[in-house]
Amino acid sequence: MSELWNKIQNRLLQVEKPARYIGGELHSVVKNPQEQRVRFAFAFPDTYEIGMSNLGLQIIYKVLNDLEGVYCERTFAPGPDFELFMREDNIPLFTVETKTSIKEMDMIGFTVQYELSASNIVNMLDLGGLKVRASERSEEDPFVIAGGPCTYNPEPLADIMDFFFIGESEEALPELMEKLIKWKEAKLPKIEFLKEISEMDGIYVPSFYDVTYKEDGTIKEIKKTYDKAADRVVKRVVNNLDEAPFPDEMIVSFINTVHDRALLEIFRGCTRGCRFCQAGMIYRPVRERKKDTLLKMAENQLAATGYEEISLLSLSTGDHSEIEELVVDMMKLCKASDVSLSLPSLRLDSFSFKIMNEIQGYKKSGLTFAPEAGTQRLRNIINKSITDDDIFSAAEQAFELGWNKIKLYFMIGLPGETEEDLDGIVEITDKIVQLYKDVNGGRTGRLNISVSASDYVPKPHTPFQWYPQNTEAVYRKKHMYLRDKFRGNRNVSFHYHVSETSFLEAVFARGDRRLCDVLIEAVKLGCKFDGWTEHFDFEKWTLAFKNTNIDPSFYASRERSYDELLPWEIIDCGVTKEFLVLENERAHSGLITEDCRNDCKDCGINNKFICG
Amino acid sequence: MGFDMRYLFKFTKNGNIKYISHLDMVRLFQRALKRADIVIQYSQGFSPHPKMSVAQPLSLGHESTGEYLEIDTVKELDCEELKSKLADTMPIGVEILSCTRLVETKKSASALVSLSQYEIIFSLDNIIGEKELKKAVEDFNKSEHCIIEKLQRKTGKTVSIDIKEFVHSLTISDSPKNNREGELSIYAVINTGSMSHLNPDQFMTGFLSYLPEAGKNSSFEIIRREMYLKNEKNEAIPLCNLI
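What counts and what doesn't
Residues numbered from 1 in each chain as written. Chains lettered and ligands numbered in written order. Predicted model: local features only at pLDDT ≥ 70, side-chain atom pairs only at ≥ 80, totals over all residues. Heavy atoms only, no water. Helix = DSSP H or I, 4+ residues; strand = E, 2+ residues; numbered from the N terminus. Rg over C-alpha atoms; globule rule 2.2 N^0.38 Å. Buried < 20%, exposed > 50% of the residue type's maximum accessible area, 1.4 Å probe, protein only. Contact = heavy atoms within 4.5 Å. Lys, Arg positive; Asp, Glu negative; His and termini not counted. Charge placed at Lys NZ, Arg CZ, Asp CG, Glu CD. Areas by Shrake-Rupley, 256 points an atom, 1.4 Å probe, with all protein chains shown as cover. Buried area = accessible area lost by both parts, 1.4 Å probe. Salt bridge = Lys/Arg side-chain N within 4 Å of Asp/Glu carboxyl O. Pairing = 2+ DSSP bridges. Core = buried A, V, L, I, M, F, W, Y, C linked by side-chain atoms within 4.5 Å.

**Observations regarding the overall build of chain A**
- Within chain A one finds 21 helices and 19 strands.
- Taken over C-alpha atoms, the radius of gyration comes to 24 Å for chain A, in line with the 25 Å a tight globule of 612 residues would show.
- If one aligns the C-alpha atoms of chain A with their principal axes, the spans along those axes are about 75 × 65 × 50 Å.
- Here chain A, with 612 residues, has 59% of them falling under the buried criterion.
- Sequence separation of 24 or more characterises 77% of the internal contacts of chain A that already satisfy a separation of 6 or more.
- Distance between charge centroids for chain A: 1 Å, based on 76 positive and 99 negative side chains.

**Observations concerning the overall build of chain B**
- Assigned secondary structure in chain B consists of five helices and 11 strands.
- In terms of C-alpha radius of gyration, chain B reaches 20 Å, essentially the compact-globule figure of 18 Å for 243 residues.
- Seen through its C-alpha atoms, chain B measures out along the principal axes to roughly 55 × 40 × 35 Å.
- Counting the 243 residues in chain B, one finds 51% classified as buried.
- Within chain B, contacts between residues separated by at least 24 positions form 71% of all contacts whose residues are at least 6 apart in sequence.
- As presented, chain B carries roughly 12400 Å² of accessible surface, and 51% of it is formed by carbon and sulfur atoms.

**Looking at the interface of chain B and chain A**
- Listed per partner, the contact involves 20 residues of chain B and 27 residues of chain A.
- Carbon and sulfur atoms make up 54% of the surface buried where chain B meets chain A, a total of about 1900 Å² over both sides.
- Sorting the residues of chain B by area buried against chain A places Y19, R31 and K34 of chain B first, and these three jointly supply 37% of that buried surface.
- In this structure, R31 of chain B engages D260 of chain A in a salt bridge whose closest nitrogen and oxygen atoms are separated by 3.8 Å.

**A short note on the pairing of strand β5 (residues 115-123) of chain B**
All names here are of chain B.
- Counting buried positions along β5 gives eight out of nine residues, so the element sits mostly inside the fold.
- Bridging between β5 and strand β10 (residues 220-230) involves eight bridges; their strand directions are antiparallel. In the strand pairing of β10, I121 is matched with E221.

**Observations regarding helix α17 (residues 515-524) of chain A**
All names here are of chain A.
- With eight of 10 residues buried, α17 is to be regarded as a mostly interior element.
- Of all the residues in α17, the buried ones are L515, C516, V518, L519, I520, E521, A522 and V523.
- Residues of α17 that are buried in the fold lie against α5 (118-127), α16 (499-509), α18 (538-547) and α19 (553-556).

**Let's talk about the nonpolar core**
- Counting residues in hydrophobic clusters, the biggest one holds 181 residues, and the most contacted among them are F110, F163, I310, M330 and W541 of chain A together with F29 of chain B.
- Counting 44 residues, the second largest nonpolar core, distinct from the first, contains F353, I406, I425 and I428 of chain A.

**So, the pairing of β10 of chain B**
Residues and elements named next belong to chain B.
- For strand β3 (residues 63-72) and β10, the ladder comprises two bridges, and the chain directions are parallel. Residue pairing for β10: E63 is matched across the bridge by I223.
- Examined bridge by bridge, β10 and strand β11 (residues 236-238) share three bridges and lie antiparallel to one another. Opposite Y228, over in β11, you have P238 as the bridge partner.
- From the end of β10 to the start of β11, which pair antiparallel, there are five residues, and N234 there has a positive phi angle of about 65 degrees.

Okay, here's the thing in structure tokens:
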């Protein structure tokens, strides 16, 4: 082990950000490996700086390390520069706490936050000296598992993972570890462990299901090969979030991470029912943490970390039932501790403005609005409950209070979209510029509007999951169309992403098991860090699809019918198919479905979980 | 206000912490001070920043037992208490060696630094032994000039500099007891700071030319031991002696 560390140290001064690999951070856990009964590696499939901003990592790290006899360490995708040395010097992928090769772990858990992390997952297994496919790994190899939002369609990784954990793991992990310890000490074959845990809620063992296909390429049948496995895997949910474990002592990185701040998860789930939003569907039901709990958590976290900023996290912060008092009390706490408060995901109402004005004080940074669609008509289709009036009065208020920087988020390629909706994006922006002029006596010198148009990716478990994604060619045309319309407008900067990335996201979000061959081939050809523009290589992916004889547009751009057996139907997120169909039909008629917080819309979640 | 409540800490940077940058260290201390509930004064003006500084960046990968942190607090605090509060919240490798209150020093201590002492520990082998190192040190001290090529990052051009202008003194360890078996140290006191600066890697580039050709790839470790300022009599005073 120390021989490995010597090899690593020999290279550290030759790579970018050597601190990615050293561990030793405040609140990182040091346990004696010899005294542990089970060793777990939490594997984040991106660089250290990105992984260390992930709240899930901090929660799971604490939950596992609080268990006697369990040691959870972290491992990340090495920077491409260090990877070259790793391969050259025979340095296997290692954990940052003890610099142990991941191959010596009992279990390696990947979190899949983003569809295109898949190539890094494959690459990391390879760097760990492990066979990528589960079927090729030996009895001595660690279990390789995955969790996180993208596992709600686990199929593209089905040949790679021994099992998936679907849903929230805070309460299930101790149970899982207990079983793992017992199994290890009984020295049974791996299949016995898999059989036992497959009877737990939230555990999906892909090898216990056979998938067969029709001639047209769609799925014919998903058949159980182990009779005690679940017909459909029901996600795991923490019922009482207020009492669920949450780390006060989060690991504080030495180097800059994406978010260097204390994090407070104020509630899970969402009742708005926006039809494009997967998170709003899969994180149901809504569970809140109480205001007093949150204030205590904030105090403890700030005292333990020394962070100068704290952020409240949820899908729609303004919807917390105690938000007004919570924010007022948080601001008092922040003022007293000289800490700044960050409130992403706020609604655009007068309360929010009062708050934002106080928070940002005289030195205002930007405000973000997410109209998502350019017209009311399209907003009704996607069920995004924000009106033109909301947008304009919010902008006006913002300008009156002294803001000069606004970010507007839109999506393009939404179901039912016409050219008028694209024009609507421009009209909204123009009107906001005009409002600024009205408030600022005709001057626009300091006005800075950033308009961002994302390519829509229809996601599993949403009412739009049957919708074909716009092709890359169509997206490119729409980018050009908007870019031309915004040209010459000195106060507006228009942003869009490379359409090939969105296309590939759709392929993996909506794909089936056959994508595994493509994935492995793509990584062989050199694909990795696909979420990074400087590393994403679509030509290699195209070649990988060609070499494996798979047509990616079959997954991304094909319209599905209601009676097609979708790959992700093996996972039950609690929301019924009937509800999704109904919402899709309502979308076609432009009908809004109101917030269900006070008026249940029968999405089905309360069949299996406590809701409302 | 002003310089009334100024404290100077001496600390180490050992072990894996050597792989974090100067800016990371500043951030590390900012958070540590907050955890320890030591409230720092802010500067005036449009863009207020906390009045704290870590003196003189140390190159990534180098260890040190002579680093300094300077802070201005809002309240008067007891040095021993300050030292232990801060020490309690340090990661492994950062040890708080001392805390002094600066009463008479009106200028920023960090800005006063003009010299650093580096210990360079050589791993002796059959090419480089005690004899070769002693001779190299003597030859270096006897030379009038020692020219190296330095790459100017801004312009991309290489310039020649005479490192002898920057080296205050170079000595060899006077007793084998000071080192582990198979190792021997030399001590170089070199100009540091905005007025005149040479980093130890540049010094080594020059010094290695005094070793036999085959020894140019010898392995050594660089540790900063102390920082000094020069008093009115041009004597080198360790920073921790400031009052």
